[in-house]
Amino acid sequence: MMRHGAGSDWSVRKAGAGSTGASEAAGPRRVRRSRDSAHRCPLSEGSEHSSERTHSNSPGRQPAPHPSARTRPRFPGGSIMDATVAEYIRRTVLKMPKDEIKMMLQKWGFLSEAQLQTLNFHQIKDNISHEVVQLCEENSADIKQAAALDIIYNHIYQNKRMWSVYQMKKSGEEDEYFDIADFKKKFKRRIRSALKNVTITFKEYEDNAIWIRVAWGTPYKKPNQYKPSYVVYHSQTPYIFISASMLKSNLPLLCQALIVASNYHDIREMELRSHSLNSLKDIVFKRYSQNFETYTPKPLQGGNVEPENADIRIIHENGREKERIHRLNQEAFGSGPQPQLEFAQYKLETMFKSGPKMDVLDKKEPFRCLVKFSSPHLLESLKSLAPAGMADAPLSPLLTCIPHKARNYFKIREKKKSFVSP
Amino acid sequence: MAAGRGPARGPTGAAFERRGRAAAAMAEEALEDGRTARTLPSLRQLSRALPFARSHGRLGVSASGRLTVPALCSQESADPQQTAFALRKAWTLYSVTPLHRFRRSRLSDYARLLSAFIAAEKQKGLAVEVGVELDIKVALSSLAELRGSELDQAALLVQLSSRSRASSKNSEDKLVWSGWFCSMFGDELSENVPENFTCLPLFLTHGAESYTSLVGSWFQKTFDCCFRRLAISPLNLSWMVAMWAGYKLERAASAVELVFSMPCLSQPLDISYAIHPEDAKALWDTVQKTPGEITQGEVDVFMDCLYAHFHRHFKIHLSAAKLVKVSTGIASAHCDGIVKILHSQYLPGVLMLLTELAISQIQ
């Protein structure tokens, strides 16, 4: 246990060796920890880096506490929070756009309104972040609060991450009543039984979404707070959305914990990935405007593709064709806005068929191709292909089936053009 | 629907016309039925002044097609070290008009002058790097082996290295920019220029744009030449991909990939169409009738096959899209005039194509 004398831990730190360049997941370079000695890493005593001179505020490999963190007067009786937590909060604030920092801190609710009033939001972000850290020190923030702030940022900027979709399967029992507390307890227990060094944080949102943030460590290292996984689960559905920027090795454990906690028995990854979390939800929850296979009579007086020109001297020669294309497009895509996907990928293993006049390749083996479509808004651009004359209408079902089949990765084999799942 | 492509391609041969061949006049008509007539190789069809057609007796190529794998001038003593710098880097392409009064013997003088020029420009405030003080060292060297025929000039390599003033004297120089002038079978141009002019029509650069403009302006001032960015049209890109797809590679090669961009849509759409290299080569082998020669008709057939296969699945007309990038295990090329060459064996062939493009842009 470290002494609490007024100058003691300064001297301990300064005696330490220089920075070892270890990752931030290494033992805490603590300023002082009065209560919780369990966090102390045996390696960290005296291994503080002498960075008063060489510290820079730019993101280096090792997030070092700001010099001012040390020279500020300590509060009598209070503890100063962990330097890694302080740095993590500082970096999270730096990620936020300047005009949104106040809103996010308010959502966070950890700092009081009075404290927020003391902040000057008109200075450069760097200084704002330091002031926020100072206030957090007054309140002795720990890693749980820091993680909560991170969830808030990532919830608002969810589209910066790439999300994959997983589907869980029940073994056919009745739907049990979902108990959130039970879910959290089982989830934590399952993860912790395999790995002690994790930080798990939950947050529930109004749309019944449960956000889970997990920061992973190893049996020998503290959790890396800078590369957490995010999970979004709507308890009334069997779908899980996982943000894929994490060590792949932890994925099985995460999946296992999810099915254990939610009382399912199996989970599989769907072939569906996108940055737009809401669009993924639209697709799997079928919230977009679909077109059902009912007979729709030809729209009266032609569904107007474009506003009629007032000048009757202008005649569209291919007006009929345009209407036909428009109608087919509606049938294929529906009339509402499309879910937003960024890409679709097709692995083709079909035979090559030469045209009538060409005496080319006629192999018995498949012609292997990989086709990838990318666009800021894929389905909208596919929808506009036929009207622009660049595709036939109706468009190929390989493309129009994307929302119905809830997938954007396909493997197509030659079997009378039916879909063969991978 | 693919027929809509026909007329669009014909006139892109400024490359066609420049050859001044009689066949060029027939080119426009032959284009339409070029494909159907391909089973009867007639002189009329084959001698449509192809963008890359050659008449070198030396290479044993007839006036009709072109040889696909030319060798470097002094292949026997080819030093892989000499050409290694050119591989696996993304080079930005320019065409250069002939240099006036360029003397190979004065390379070290030129290096000094260029170095002084760059230093002076930096003093003027056109600094290229902010913050760090850099001394730029210039090195000019001749690469005797990087040329096609005896009539070609040897390639000229310009390298800019920096040594930070802060670091010690014997620290390594860091290469910050390189550019080289080259002519690979560029006889078409060099035959027609007067004395005192050096023809090195192709200029490739790698490094910061600011250095490129510094070096370019010095050359322009000193040798009264003119640089222009060399864009690669979709027609030429399709030639490249057809040609390169047919090359044999020993190891497992990367896919033959074509990247298309769809214009005029509400949301931009990019399509990447990657074909397994063995399958692409198998297709090309059945299309190409005479080994060692390629005709426009064969390239058209190859591309049409790829388009048709795509259309069969997706009902989209790739022929209406813009081909912006092609990439194979040999090399990759982007329509903005950026190439990357991966195989030393095919370096002369790629350079020959690019030299032709550069020459056609100059003329």
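Residue numbers restart at each chain and count upward from 1, following the sequence in its written direction. Ligands are numbered from 1 and chains lettered from A, in the order in which they are written. Given that this is a predicted model, residues contribute local features only at a pLDDT of at least 70 and side-chain atom pairs are listed and counted only at 80 or more, while totals for whole chains, interfaces and linings are drawn from all residues. With hydrogens and water set aside, each side-chain value is computed from the structure's full complement of heavy atoms.

Draft legend 1. The overall build of chain A, seen in detail. Along the backbone of chain A there are 14 helices and nine strands. For chain A, the residues scored as buried account for 45% of the 422 residues in total. Accessible surface, chain A as shown: approximately 22,200 Å² in total, 53% of it carbon and sulfur. Under the scheme used here, helices are H or I runs from DSSP no shorter than 4 residues and strands are E runs no shorter than 2 residues, and both carry numbers assigned from the N terminus. Three exposure classes are used, based on accessible area relative to the maximum for each residue type with a 1.4 Å probe and protein chains only: buried under 20%, partly exposed in between, and exposed over 50%. Shrake-Rupley sampling with a 1.4 Å probe provides the accessible areas, and residues are treated as covered by the protein chains on show and by no other component.

Draft legend 2. Spatial organisation of the overall build of chain B. Counting its regular elements, chain B contains twelve helices and 13 strands. Going through the 363 residues of chain B one by one, you find that 54% of them count as buried. Of the roughly 15,300 Å² of accessible surface on chain B, a fraction of 54% belongs to carbon and sulfur atoms.

Draft legend 3. A look at the pairing of strand β12 (residues 331-334) of chain B. Residues and elements named next belong to chain B. Taken together, the three bridges between strand β11 (residues 322-327) and β12 define a ladder with antiparallel strand orientation. When the bridges of β12 are listed, V326 appears paired with A333. What sits between β11 and β12 in their antiparallel hairpin is a turn of three residues. Pairing between two strands requires that DSSP report at least two bridges joining them. Here four bridges tie β12 to strand β13 (residues 338-341), and the two strands are oriented antiparallel to one another. Its bridge partner lying in β13, A333 is registered against V339. Taking the residues that link successive antiparallel strands as the turn, the β12-β13 hairpin has three residues, and the phi of G337 there is positive, at about 90°.

Draft legend 4. Seen up close, the nonpolar core. By size, the foremost hydrophobic cluster in this structure holds 141 residues, and its most contacted members are I89, Y346 and F373 of chain A together with W180 and W244 of chain B. Here W244 of chain B is in contact with V326, T328, I330, A331, S332, A333, V350 and L353 of chain B, once residues within four sequence places are set aside. Nonpolar core, defined: a set of buried Ala, Val, Leu, Ile, Met, Phe, Trp, Tyr and Cys residues in which side-chain atoms within 4.5 Å join the residues together. Counting residues in hydrophobic clusters, the runner-up holds 28 residues, among them V158, L160, F203 and L214 of chain B. We call two residues contacting when some pair of their heavy atoms lies within 4.5 Å.

Draft legend 5. Region of interest: the confidence of the model for chain B. Residues and elements named next belong to chain B. Here chain B shows a mean pLDDT of 76. Residues at 70 or above account for 73%. pLDDT: the predictor's confidence for each residue, scored from 0 to 100. Residue range residues 1-65 is modelled with pLDDT below 50. Its contacts to residues more than four positions away, or to other chains, number 112 contacts. In the model, residues 73-77 has pLDDT below 50 throughout and makes six contacts with residues more than four positions away in sequence or in other chains. Here the prediction assigns the complex a pTM of 0.70, and the interface score ipTM is 0.74.

Draft legend 6. Seen up close, the confidence of the model for chain A. Residue and element names in this part refer to chain A. This prediction gives chain A a mean pLDDT of 76; 70% of its residues lie at or above 70. Between the elements of chain A, mean pLDDT differs from a low of 39, seen in helix α1 (residues 8-14), to a high of 94, seen in strand β4 (residues 229-234). The low-confidence segment residues 68-78, where pLDDT is below 50, has 16 contacts with residues more than four positions distant or belonging to other chains. Contacts of residues 293-304 to residues separated by more than four positions or lying in other chains number six contacts, the stretch itself having pLDDT below 50.

Draft legend 7. Just helix α8 (residues 209-223) of chain B, in detail. Residue and element names in this part refer to chain B. Compared with the 21 Å implied by 1.5 Å per residue over 15 residues, the 21 Å span of α8 between its first and last C-alpha is a close match. Residues of α8 that are buried include every one of Y211, T212, L214, V215, G216, W218, F219 and F223, and no others. At the C-terminal side of α8, D224 shows a positive phi close to 55°. Each helix should span, by expectation, one fewer than its residue count multiplied by 1.5 Å.

Draft legend 8. The environment of V231 of chain A, seen in detail. Residue and element names in this part refer to chain A. Relative to the assigned elements, V231 resides in strand β4. Distance in space between the C-alpha atoms of V231 and T92 is 19 Å, their sequence separation being 139 residues. Beyond its immediate chain neighbours, meaning those up to four positions away, V231 contacts I210, W211, I212, I240, F241, I242, L254 and L258.

Draft legend 9. Geometry of the pairing of strand β5 (residues 239-243) of chain A. Residue and element names in this part refer to chain A. For β5, the buried fraction is high: five of the five residues fall into the buried class. Of the two faces of β5, the one lined by Y239, F241 and S243 and the one lined by I240 and I242 are each fully buried. Two strands pair when backbone bridges link them, and strand β1 (residues 163-169) and β5 are joined in this way by five bridges, in the antiparallel orientation. Of the residues in β5, the one forming a bridge with V165 is F241. Counted between consecutive antiparallel strands, the loop separating β4 from β5 contains four residues.

Draft legend 10. Structural view of the state of the cysteines. Residues and elements named next belong to chain B. Counting rule for disulfides: a pair of cysteine sulfur atoms within 2.5 Å. The full count for this structure, using the stated rule, is zero disulfides over all chains. C199 takes part in no disulfide bond, and the closest cysteine sulfur, belonging to C225, lies 11 Å away. For C226, which is in no disulfide, the shortest distance to another cysteine sulfur is to C225 and amounts to 7.5 Å. On the basis of relative accessibility, which here comes to 39%, the residue C226 falls in the partly exposed class.

Draft legend 11. Region of the structure containing the interface of chain B and chain A. On the side of chain A, 42 residues touch chain B, which itself brings 38 residues to the contact. In total, about 3,300 Å² of surface goes out of reach between chain B and chain A, with carbon and sulfur atoms giving 62% of it. The largest contributions to the chain B side of the interface with chain A come from R312, H313 and F314 of chain B, which together make up 20% of the buried area. When a carboxyl oxygen of Asp or Glu lies within 4 Å of a side-chain nitrogen of Lys or Arg, that pair is called a salt bridge. Run the count over chain B and chain A and you get two salt bridges. Put simply, buried area is the surface a 1.4 Å probe can reach on two separate parts but cannot reach once they are joined, added for both.

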